[in-house]
Amino acid sequence: MVGPALALFVVMLVVPVGLSLYLSLTDWDGYSANPAFVGLKNYVNLTHSAEAIRAGWVTLLIAAVGTVLLSVFGLGFALLVNGASRLNAFFRIVLFYPHVLSALVVGFLWSAVLGTSGVVNGWLTSKGAEVLPFLSDPKWALASLIAVLVWAGFGVNVVLYLAGLQTVSKDLLEAARIDGATTRQTFFNVTLPALAPVVTVNLVLSLVTLLKTYDLVVSLTGGGPAGSTQTAAYLILWDSFHNNALGFGSAQSVVLMVITAGLALTVARLRARADQGVQA
Amino acid sequence: MARSARKPGRKLGLLTSVVILVGAAGCGGGFSDDKGAAGDSTGEVRMLVNITPNLTKSYWEGLVKPFEDANPGVDVKIEAPTGSGVKDTLPQLLAAGNAPDVVETLMADKVLAPQMLDLTDQAWTKDTPLVEQASLDGKVYTVGVGQQAQSLVFYNKDAFAKAGISAPPKDLDELTAAMGKLKAAGYLPLQTAGDYVTGLQLLQLSDPSIATKHPDWYQQINSKQAKVGETMLPLLERYQSWIKNGYVDKNALGLKDVGAQTNFLSGKAGMYVMGSWFVRTADDAKPTFDLGVFAAPTEKGQPSPGPQGVTMAAPYMVLKSTKQRDLSVKLVQWLVTDKTAVQSQLAQDGNFRKGYTEKLSPLGKQVQDILDQAPKQVAQGEGYGANTLPQGFNGEWNKAVQSLYTGKSAKDVAARIDSWMGSKS
């Protein structure tokens, strides 16, 4: 019974990761039959690459800010649409809908809204106002990217939190109400602690997803302006295929994989410790 | 620079796919170092092509139909890229031991050439456009259908008239002066955009003056007798002054190429620097103003017109690993020499070739005149053949030029690109 699953695991995960590790130690350009072994040169070059380091920081910023926003908006909207009315059912679909769209479509859609000649700036200029540099200024472009990532992704968080809210003990909520707890007190002392495992899942999933941000960068900002919104995943593909440096790209992907796993494990452990504290 | 495929795609899984596939290749046939097998006189020829709004799969299938009809038993199988373009699909296929017989779009460089068939002994290649310039160490790997003129400035003649500009500028000082007049007349002087456009336009503008001042620019750069940033610094400084004076939109980086074209064709801007493929877009748009084109100006004191940046249109190569070598070569020969096939490809993607002028639009004829009058045709950016810069130069240059909009100085940009070049040596 375990055999097919194990074979799939090996083929789809162990082999690619192993080959990635191997390629990261070579100078493979994507074409040559016999790439030369270069040891740790690609990793050393990575530490000297201002562009890769910058992309790493941009990725971490997106992941940190995006994860917090996804959780806050996810939980906030979940609380708003938690209940068995037709209107809530409608809003749940509306909130989840952006996640159904391809990230590429979302990016092109928002570039038409936020671009220099986009809907928003068209309206602003028609009113005699200045154009806002949503996608043309590095800081604005990064903020726009994070905002669109959150818009496109928080539907999943809403669904997860909604599922979590169904598990909150009705008895506890009722007891809090009888004891005269305010809504705020009930939320922070009953609902939120009960949601702790869901919060952990949300944080880890959001973090891992955002650390791999790629599609939306391509379609919304193209990594610009001046490379200011290049993420680690974007740069990996850029270096690998535009620059014919698959060895260097593989080294970057190995580092990204290690960082992602490390951060996800750290968040999960911290949350587990916090959960234990709550239970104690 | 050919319009590189910039369509986003399923790249994220691509690296993993390549990794899996190279493993498969390691277990299987791997790469071929021979010159392919001659093959039969019938059978299947697989051709990997670029797919764009102009060059659809059905267009390609229709293009090769006459070849199939003339060669009974031959089936030309058109293959679209599975990645975001031909450039990232070909390594996948090679790694999987499943390479096509013919590839369109790419040009041979030192990385690609070892995988491609040497066509030097094919007499018919001698009469194809840019074949000599694209050759590598004297060997022909790439043949093309036509040329793309690069150093072109499309302009709004009505705007020029309103601004009191009587003739197209011939040098860069005149160009800058014209920008001032256009701005005073209420026009955006030069339309640009983010994406790949920013860096491309500056390369296109630089071709005539750089090639005049440094006839062996690529050789000087590669032998470290000159630096890219240093030689480009005067133009970077000029561009910086254009941004400062509002001759380009300071928010242009928030525009994509299509948005820039729309702005220019709607009559809001005076000029738009772009390659000859823009002719087809402009002809289809039928702008309400009188649209003209002139060759990119040279530096003051240099002869005008200067050398014209050109790239090969619809380049083809035959893969060395092919099992249908003779049929593949025959197909490529037909694609680049058959009059009807050539005419069709030129018209479909707005390209040019000497002797194929009868179906050109008035704007197209102006471009052909510019090509004919250019004293020399030169490579641009990453280049081709003997005139090449490291892979990735165009993208790095684009990012560096865009940083002029985000507060960097021309000297910063020059230093950045020289530093990048240094890291590639």
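Residues numbered from 1 in each chain as written. Chains lettered and ligands numbered in written order. Predicted model: local features only at pLDDT ≥ 70, side-chain atom pairs only at ≥ 80, totals over all residues. Heavy atoms only, no water.

**Section: the overall build of chain A**
The number of helices and strands found in chain A is 13 helices and zero strands. Order of helices (α) and strands (β) in chain A, N terminus to C terminus: α-α-α-α-α-α-α-α-α-α-α-α-α. C-alpha atoms of chain A, sized along the principal axes, occupy 75 × 65 × 35 Å. Across the 280 residues of chain A, 45% fall into the buried class. A separation threshold of at least 6 residues defines the contact pool for chain A, and within that pool the share at least 24 residues apart is 67%. Split by element, the accessible area of chain A, about 14200 Å² in all, is 71% carbon and sulfur. Looking at chain A, you have 13 positive and 11 negative side-chain charges, and the mean spots of the two groups are 9 Å apart. (Helix = DSSP H or I, 4+ residues; strand = E, 2+ residues; numbered from the N terminus. Buried < 20%, exposed > 50% of the residue type's maximum accessible area, 1.4 Å probe, protein only. Contact = heavy atoms within 4.5 Å. Areas by Shrake-Rupley, 256 points an atom, 1.4 Å probe, with all protein chains shown as cover. Lys, Arg positive; Asp, Glu negative; His and termini not counted. Charge placed at Lys NZ, Arg CZ, Asp CG, Glu CD.)

**Structural notes on the overall build of chain B**
Of the regular secondary structure elements, chain B holds 16 helices and 13 strands. Expressed along its principal axes, the backbone C-alpha trace of chain B runs to roughly 65 × 50 × 35 Å. Taking all contacts inside chain B whose residues are at least 6 apart in sequence as the whole, residues at least 24 apart take part in 78%. Working note: accessible area of chain B is about 16300 Å², and carbon and sulfur atoms make up 51% of it. Distance between charge centres in chain B, computed from 45 positive and 43 negative side chains, equals 5 Å.

**A word on the sheet that holds strand 4 (residues 146–149) of chain B**
All names here are of chain B. Taken together, three strands build an open sheet; the order of strands is 4-9-11 and the sheet is mixed. Two strands lie at the open edges of the sheet, namely strand 4 and strand 11 (377–378), each paired on one side alone. Examined bridge by bridge, strand 4 and strand 9 (residues 308–313) share four bridges and lie antiparallel to one another. Within strand 9, the residue paired with glutamine 148 across the bridge is threonine 311. (Pairing = 2+ DSSP bridges.)

**Section: the sheet that holds strand 10 (residues 316–318) of chain B**
Residues and elements named next belong to chain B. Sheet architecture is open: four strands sit in the order 2-1-3-10, paired in mixed fashion. Two strands close off the open sheet at either side, each with one partner strand: strand 2 (74–79) and strand 10. With direction set aside, neighbouring strand axes in the sheet form an average angle of 25°. By the bridge criterion, two bridges tie strand 1 (residues 43–48) to strand 3 (residues 102–104) in an arrangement that is parallel. Within strand 3, the residue paired with leucine 48 across the bridge is valine 103. (Axes fitted to C-alpha atoms, helices over the stretch in contact; angles between N-to-C directions.)

**Side note on the domain arrangement of chain B**
Residues and elements named next belong to chain B. Structurally, chain B comprises domain 1 (43–143 + 315–350) and domain 2 (150–310 + 369–423). Its C-alpha centre places domain 1 at a distance of 31 Å from the equivalent point of domain 2. Contacts between the two partners involve 14 residues from domain 1, matched on the other side by nine residues from domain 2. Of the roughly 900 Å² buried where domain 1 meets domain 2, counting both sides, 49% is carbon and sulfur surface. (Domains from an automatic or database assignment. Buried area = accessible area lost by both parts, 1.4 Å probe.)

**A word on unusual backbone geometry**
For the peptide bond that leads from glycine 224 of chain A to proline 225 of chain A, omega is 0°, which places it in the cis range. If you trace the backbone, proline 225 of chain A turns up in the loop between helix 11 (215–221) and helix 12 (232–242). The residue after serine 304 of chain B, namely proline 305 of chain B, is reached through a cis peptide bond having omega 0°. Along the chain, proline 305 of chain B turns up in the loop between strand 8 (291–295) and strand 9. In the Ramachandran plot, alanine 226 of chain A falls in the positive-phi region, its phi being about 55° despite a non-glycine side chain. The residue alanine 226 of chain A is located in the loop between helix 11 and helix 12 in this model. Residues other than glycine seldom take positive phi values, yet asparagine 244 of chain A does so here, at roughly 50°. Its location among the elements puts asparagine 244 of chain A in the loop between helix 12 and helix 13 (246–279).

**Overview of the packing of helix 3 (residues 50–80) of chain A against helix 10 (residues 196–211) of chain A**
All names here are of chain A. The geometry of helix 3 relative to helix 10 is characterised by a closest axis approach of 8 Å and an angle of 145° between their N-to-C directions. Read as a crossing pair, helix 3 and helix 10 show a hand that is right-handed. Facing Thr59, Leu60, Ile62, Ala63, Gly66, Thr67, Leu70 and Ser71 of helix 3, the residues of helix 10 in contact are Asn202, Leu203, Ser206, Leu207, Leu210 and Leu211. Among the residues making up the contact of helix 3 with helix 10, the classes are represented as eight nonpolar, six polar and no charged. (Left-handed = near helix turned anticlockwise from the far one by under 90°. Nonpolar A, V, L, I, M, F, W, Y, C, P; charged D, E, K, R; others polar.)

**Section: the pattern of salt bridges**
Counted under the stated rule, the structure contains 13 salt bridges over all chains. A salt bridge links glutamate 174 of chain A to arginine 177 of chain A, with the nearest nitrogen and oxygen atoms 2.9 Å apart. Taken as a pair, glutamate 174 of chain A and arginine 177 of chain A lie in helix 8 (residues 170–178) at a separation of three residues, close to a single helical turn. In this structure arginine 177 of chain A comes out as exposed when scored by relative accessible area, which is 56%. Each member of the salt-bridge network shares a partner with another, and the members are Arg46, Lys77 and Glu79 of chain B. (Salt bridge = Lys/Arg side-chain N within 4 Å of Asp/Glu carboxyl O.)

**Considering helix 2 (residues 57–70) of chain B**
Residues and elements named next belong to chain B. Across its 14 residues, helix 2 extends 21 Å between first and last C-alpha, which sits within 8% of the 20 Å expected from 1.5 Å per residue. A bend of about 35° at valine 64 is the largest found in helix 2, and the proline proline 66 appears one to four places after it. Listing the buried residues of helix 2 in full gives Tyr59, Trp60, Leu63, Val64, Phe67 and Glu68. Looking at the buried positions of helix 2, the neighbouring elements they touch are strand 1, strand 2, strand 3, strand 10, helix 12 (325–337) and helix 13 (339–349). (Expected span 1.5 Å × (residues − 1). Bend = angle between axes of the 7 residues up to and from the residue.)

**Re the packing of aromatic side chains**
Considering all chains together, one arrives at 24 aromatic pairs over all chains under this definition. On the basis of an interplanar angle of 75° and a centroid distance of 5.3 Å, the ring pair of tryptophan 110 of chain A and tryptophan 151 of chain A is categorised as edge-to-face. One end of the pair, tryptophan 110 of chain A, is in helix 5 (residues 103–114); the other, tryptophan 151 of chain A, is in helix 7 (residues 138–165), with 41 residues separating them in the sequence. By relative accessible area, tryptophan 110 of chain A is classed as partly exposed at 21%. Feature note: the residues Phe154, Phe264, Tyr272, Phe278 and Phe289 of chain B constitute an aromatic cluster, connected by ring pairs. (Phe/Tyr/Trp six-rings, centres within 6.5 Å; stacked < 30°, edge-to-face > 60°.)

**Thoughts on the interface of chain A and chain B**
Taken together, the contact pairs 48 residues of chain A with 40 residues of chain B. Interface area, chain A with chain B, both sides summed: about 3700 Å², of which 65% is carbon and sulfur. Counting the surface chain A buries against chain B, the share from its top three residues, Tyr31, Ala226 and Phe241 of chain A, is 22%. The interface formed by chain A and chain B includes two salt bridges. Of the charged contacts, one joins lysine 250 of chain B and glutamate 130 of chain A as a salt bridge, the two residues approaching to 4.0 Å between their closest N and O atoms. Connecting chain A to chain B are ten residue pairs in polar contact (both at pLDDT 80 or more). (Polar contact = N/O pair within 3.5 Å; in protein donor to acceptor, adjacent residues only side chain to side chain.)

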